[in-house]
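Results of the structural survey
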2 protein chains.
Amino acid sequence: MATINDNYLKLPGSYLFAEIARRVAAYKEANPDADIIRLGIGDVTQPLPQVCIEAMHKAVDDQAKAETFHGYGPEQGYSFLTEAIIKHNYTDRGIEIAPDEIFVSDGSKSDCGNIQEIFGTANKVAITDPVYPVYLDTNVMAGRTGTLQDDGHFEGVVYLPCTAENNFAPDLPKEKVDMIYLCCPNNPTGTTLSREELTKWVNYAKENESVILFDAAYAAYITEDDVPRSIYEIPGAKDVAIEFRSFSKTAGFTGTRCGYTIIPKTVKGRAADGSLVPFNKLWNRRHTTKFNGTAYIVQRGAAAIYTEEGQKQVKELVSYYMENARIIREGLKAAGLQAFGGVNAPYIWLKTPNNMSSWDFFDKLLHEVNIVGTPGAGFGPCGEGYFRLTSFGSRENTKRAVARFAKLKF
Amino acid sequence: MATINDNYLKLPGSYLFAEIARRVAAYKEANPDADIIRLGIGDVTQPLPQVCIEAMHKAVDDQAKAETFHGYGPEQGYSFLTEAIIKHNYTDRGIEIAPDEIFVSDGSKSDCGNIQEIFGTANKVAITDPVYPVYLDTNVMAGRTGTLQDDGHFEGVVYLPCTAENNFAPDLPKEKVDMIYLCCPNNPTGTTLSREELTKWVNYAKENESVILFDAAYAAYITEDDVPRSIYEIPGAKDVAIEFRSFSKTAGFTGTRCGYTIIPKTVKGRAADGSLVPFNKLWNRRHTTKFNGTAYIVQRGAAAIYTEEGQKQVKELVSYYMENARIIREGLKAAGLQAFGGVNAPYIWLKTPNNMSSWDFFDKLLHEVNIVGTPGAGFGPCGEGYFRLTSFGSRENTKRAVARFAKLKF
């Protein structure tokens, strides 16, 4: 008889956004005229850059004629895209990445979720707390954890607390870990790790032969010069780190779907017979077996951002959101709230006033000023007492939200 | 120290198409003027239907304006697509599928490869021989098999031979199996299973509480009325079968990427505590955790084929290839070769003459008439002595290839 993957039963329901929706719906029913502003979910709202639109129209036309039609492409991505990515994001910044070290995909969520498949199930996983849930959930599904404990942590996982006390920079773990997920700029805290902090992690990984899974989906939002855009800016990182990047927030591709993963051939893991095997080779096998390439049209759209005009348009798009971030950050501070992030990331992470729980603060915001955000506790136990706002709304809504914060009593 | 997933080391290299490419390149180098016709790889060559082109242009324009912009969509697919699929492929054929029983994806290769993740690793897997390699390889990666044996079979897997002797309809296994992969119309043999044969499998699955993983990627190519388009036409199948469908061959989406999976809520597997869990619930958890939806633009293109004009255009496209199939099939027969398939599928599976090995026949075709096909042995040991040709070429090349077959001496 067919049995199920029992690890799935260890996962609680996707409680966070469902519970938010439930509370908002209940409030709306009781207050049908309420003008609710949503600063909760991390989805973009502005249209795609014009260069992407033009490139995709052209690509659609390519698909209309036999002479220019594109069927199956290389699973790893077309060279017109991979070469542009490597040149712009790596070579031009002094980082050498070979053409067979990049894998284009349908987005970073897929890559961050699938990457653990090429690792052994006995690896010890470290994640930050709070954290983007995909890293944890996919490891639970794969059987790399025990069950969920009363403290909200899964047995067998090493959690790295990130709070205002350590400036949201996780301490090195006391026990040895094998797979380390780092998200920088961070979702949900909106903070970044300095060159010094990242060097500490790369050195740890080298000493312990661990692998850093570095999610840089928000790299385009870094505004300060001294924050590394890629982990490969850190000496030695090419021996220990896999990097994930995305067009979702860089160019508004959340509904258009394109991302990529860099796996230097020097990043290796130990096989049962003691030999060292490049993860690049394993990922290539997975990518060509369980995936069939990103749509040609989408890859053409993504490649367009690497033209001069494309870079200009992407910078305008990112600036739009970052101006929202500045407005929120300063508005919160003016309202007397402690806010983090929002300088090198589109997220603002605020400390709830008077040690209010993050769900109580959610209710207070919803009921008193009709603003929806995301309770920090939804991202992990250390998110308790924090609250996430995003800068992905329209300018108008962002300004209106900030004006409401000014009226909040606490 | 980080360890790798050792199961990957059990897999041999992706030998088949690499070896074909190597032999073709060597021949071309020795014979630079050779006019080679490729009837090997299963990729389409004709442009997308015009309705898809128009719908995608419109969708690209939607992404250019904030008011019509689409960011994250439902991971399971937009209802404008899922409702059209359900109505056209199921409701109109008397099959009831609920809106939460369909999952749109970036293609059937992903779905067929990922589906095994929601099953326990101790399940016994049955695949046909020959077979589309993704079913087997992904189970090897997941640790559901032993190592590769000298006979070309993986330890622990139940192989179901499909040869001319059993009319390419596999016999029921003598031992109990839990997961059964069936591809119908079949890649590579181009044959289909009758209602009676499928009923036999559904009954087996019900008796043994196994699950049938039914790959119907080529359903659009069925021309004979009595061949089921969906496994759900068989009574009881909704309790035991998961069905995969694709736009790749139906509408030329090999490079545009869209497919879907049907998981009725009545298909269940046993948990360790003995309880029954719907696979639908597990797949929904996987799909929303490791995938972020198919591109909006692509889903709009896919939905367009369900309009009246879209159906007309898709039928024309399929007819074009099926006329090629007829030309190849009859050409081979006229040349004295035994050919199977090509009536309800775009593949023609020919028996090599004089018990020639499939690689020897490959060389003979390449050298004597400059035609490239796929050696049957590449799809499994029972493919030895067979050879796959596809009808996805242009009409002109197909006719020229057939004229060359007529000159073949054997």
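Residues numbered from 1 in each chain as written. Chains lettered and ligands numbered in written order. Predicted model: local features only at pLDDT ≥ 70, side-chain atom pairs only at ≥ 80, totals over all residues. Heavy atoms only, no water.

1. Examining the interface of chain A and chain B
Formally: Two residues qualify as a contact provided that any one of their heavy atoms is within 4.5 Å of a heavy atom in the partner residue. For any pair of parts, buried area is found by adding up, for both, the accessible area (1.4 Å probe) each one loses once the two are put together. Any Lys or Arg side-chain nitrogen located within 4 Å of an Asp or Glu carboxyl oxygen qualifies as a salt bridge. What qualifies as a polar contact is a pair of N or O atoms within 3.5 Å, subject to a donor-acceptor requirement within protein and to the restriction that residues adjacent in sequence count only when both atoms come from side chains. The helix count covers DSSP runs of H or I at least four residues long, the strand count covers runs of E at least two residues long, and both are numbered beginning at the N terminus.
Across the contact, 80 residues belong to chain A and 80 residues belong to chain B. Counting the surface lost from both chain A and chain B, the interface buries some 6600 Å², and carbon and sulfur atoms represent 57% of this. Taken together, chain A and chain B are joined by 6 salt bridges. Notably, a salt bridge pairs Asp 137 of chain A with Arg 285 of chain B, separated by 3.3 Å at the nearest N-O pair. Inspection of the chain A/chain B interface yields 47 residue pairs in polar contact (both at pLDDT 80 or more). The set of elements that each furnish at least two residues to the side of chain A that touches chain B consists of helix H2 (50-62), helix H4 (108-114), helix H5 (133-141), strand S9 (268-270), strand S10 (276-278), helix H7 (279-290) and helix H8 (296-303) of chain A.

2. What about the environment of Phe 17 of chain A?
Residue and element names in this part refer to chain A. Topologically, Phe 17 is positioned in helix H1 (residues 15-30). It is 8.2 Å that separates the C-alpha atoms of Phe 17 and Ile 41, two residues lying 24 residues apart in sequence. Phe 17 has contacts with Ile 41, Thr 374 and Arg 388, leaving out every residue within four places of it along the chain.

3. Let's talk about the UniProt feature "domain: Aminotransferase class I/classII large" (unreviewed entry) in chain A
Rules: UniProt positions are given in the numbering used here, feature names are shortened, and annotations may be inferred rather than shown by experiment.
With numbering matched to this structure, UniProt assigns "domain: Aminotransferase class I/classII large" (unreviewed entry) to residues 35-405 of chain A. The span residues 35-405 of chain A shows a helical share of 34% and a strand share of 16%, and its end C-alpha atoms are spaced 14 Å apart.

4. Regarding helix H8 (residues 296-303) of chain B
Formally: Only protein chains enter the accessibility calculation, which uses a 1.4 Å probe; a residue is then buried when its area is under 20% of its type maximum, exposed when over 50%, and partly exposed in between.
The buried fraction of H8 of chain B is high, at 7 of 8 residues. Buried residues of H8 of chain B: Tyr 296, Ile 297, Val 298, Gln 299, Gly 301, Ala 302 and Ala 303 of chain B, and no others. Contacts from the buried residues of H8 of chain B go to H2 of chain A together with helix H2 (50-62), helix H3 (79-90) and strand S2 (102-105) of chain B.

5. Side note on the side chain of Arg 257 of chain A
Within the element layout of this structure, Arg 257 of chain A appears in the loop between strand S7 (241-246) and strand S8 (259-262). A distance of 3.3 Å separates a polar atom in the side chain of Arg 257 of chain A from the backbone oxygen of Asp 106 of chain A. In this structure the side chain of Arg 257 of chain A is engaged in a polar contact, spanning 2.9 Å, whose partner is the backbone oxygen of Thr 254 of chain A. Residues in contact with Arg 257 of chain A, not counting those within four places in the same chain, are Ser 105, Asp 106, Gly 107, Ser 248, Thr 294 and Val 298 of chain A together with Tyr 72, Asn 292, Gly 293, Thr 294 and Ala 295 of chain B.

6. Observations concerning the side chain of Asn 324 of chain B
Residues and elements named next belong to chain B. Relative to the helices and strands, Asn 324 resides in helix H9 (residues 308-334). Residue Asn 324 is classed as buried on the basis of its relative accessible area, which comes to 0%. Here Arg 395 takes part through its side chain, which lies 2.7 Å from a polar atom of the side chain of Asn 324. With residues up to four places along the chain from it excluded, the contact list for Asn 324 reads Ser 391, Gly 393, Ser 394, Arg 395 and Thr 398.

7. Describing the packing of helix H9 (residues 308-334) of chain A against helix H11 (residues 395-405) of chain A
Residues and elements named next belong to chain A. This is how it is decided: In this description, a line fitted to the C-alpha atoms serves as the axis of each element, helices being fitted only across the stretch in contact, and the angle between N-to-C directions of two axes falls anywhere from 0 to 180 degrees. Throughout, the term roughly parallel applies to angles under 35 degrees, roughly antiparallel to angles over 145, roughly perpendicular to angles from 65 to 115, and oblique to all others. The classification used treats Ala, Val, Leu, Ile, Met, Phe, Trp, Tyr, Cys and Pro as nonpolar, Asp, Glu, Lys and Arg as charged, and all other residues, Gly among them, as polar.
Contact pair H9 / H11: the axes reach a minimum separation of 9 Å and the direction vectors enclose 5°. The pairing of H9 with H11 is recorded here as roughly parallel in orientation. On the side of H9, the interface is formed by Tyr 320, Glu 323, Asn 324, Ile 327, Ile 328, Gly 331 and Leu 332, while H11 contributes Arg 395, Thr 398, Lys 399, Val 402 and Phe 405. Looking at side-chain class alone, the contact of H9 with H11 contains 6 nonpolar, 3 polar and 3 charged residues.

8. Points about unusual backbone geometry
Keep in mind that most residues, glycine aside, have a negative phi and that most peptide bonds are trans. A cis amide bond links Cys 184 of chain B to the next residue, Pro 185 of chain B, at an omega of -5°. Within the secondary structure, Pro 185 of chain B sits in the loop between strand S5 (179-183) and helix H6 (195-208). One non-glycine residue, Asn 167 of chain A, adopts positive backbone phi at about 60°. Among the secondary structure elements, Asn 167 of chain A is positioned in the loop between strand S4 (158-161) and strand S5 (179-183). Under the relative-accessibility criterion, Asn 167 of chain A is labelled exposed at 59%. The phi torsion at Asn 370 of chain A lies on the positive side, around 55°, for a residue other than glycine. Note that Asn 370 of chain A resides in the loop between helix H10 (358-369) and strand S13 (371-372).

9. Quick word on the sheet that holds S5 of chain A
Residues and elements named next belong to chain A. Rules: When DSSP locates at least two bridges between a pair of strands, those strands are taken to pair.
The strand order across the open sheet formed by 7 strands is S2-S8-S7-S6-S5-S3-S4, and the pairing between neighbours is mixed. Two strands bound the open sheet, and with one partner strand each, they are strand S2 (102-105) and S4. With strand direction ignored, the average angle separating the axes of adjacent strands in the sheet is 20°.

10. Thoughts on the sheet that holds strand S15 (residues 386-390) of chain A
As summarised here, the arrangement of the 4 strands in space is S11-S12-S15-S14 (chain A), forming an open sheet in which the pairing is antiparallel. Each having just a single partner strand, strand S11 (338-341) and strand S14 (374-375) of chain A make up the two edges of the open sheet.

11. Things to note about the nonpolar core
Definition in use: Put simply, buried Ala, Val, Leu, Ile, Met, Phe, Trp, Tyr and Cys residues joined by side-chain atoms within 4.5 Å make one nonpolar core.
Grouped together as the largest cluster of nonpolar side chains are 210 residues, with contacts concentrated most on Ile 212, Ile 231 and Phe 247 of chain A together with Ile 212, Ile 231 and Phe 247 of chain B. Ignoring sequence-local partners within four residues, the contact set of Phe 247 of chain B consists of Leu 81, Ile 85, Gly 252, Phe 253, Cys 258, Gly 259, Tyr 260, Ala 302, Ile 305 and Tyr 306 of chain B. Ile 242 of chain A together with Tyr 8, Leu 213 and Val 277 of chain B belong to the second-largest nonpolar core, a separate cluster that totals 70 residues.

12. Things to note about the packing of H1 of chain A against H10 of chain A
All names here are of chain A. Put simply, the rule is: Left-handed is the label given to a crossing in which the near helix is rotated counterclockwise from the far helix by less than a right angle, and right-handed is the label when the rotation is clockwise.
Direction vectors running N to C along H1 and H10 enclose 35°, while the axes themselves pass 11 Å from each other. Relative to H10, the crossing made by H1 is right-handed. Each of Tyr 15, Leu 16, Glu 19, Ile 20, Arg 23, Val 24 and Tyr 27 in H1 lies in contact with H10, whose residues at this interface are Trp 359, Phe 362, Asp 363, Leu 366 and His 367. Grouping the constituent residues of the contact of H1 with H10 by class yields 8 nonpolar, 1 polar and 3 charged.

13. Notes on the domain arrangement of chain A
Residue and element names in this part refer to chain A. Basically, it comes down to this: Residue ranges for the domains originate in an automatic or database domain assignment.
One can read the domain layout of chain A as domain 1 (12-47 + 309-405) and domain 2 (52-307). With centres defined by C-alpha atoms, the gap from domain 1 to domain 2 works out at 26 Å. In this complex, domain 1 contributes 29 residues to the contact, which on the side of domain 2 involves 39 residues. For the pairing of domain 1 and domain 2, the buried interface totals around 2700 Å² over both sides, and the portion due to carbon and sulfur atoms is 62%. Every element with two or more residues in the side of domain 1 that touches domain 2 is listed here: H9, S11, strand S12 (347-351) and S15. Looking at which element gives the most residues to the side of domain 1 that touches domain 2, the answer is H9, with 8 residues.

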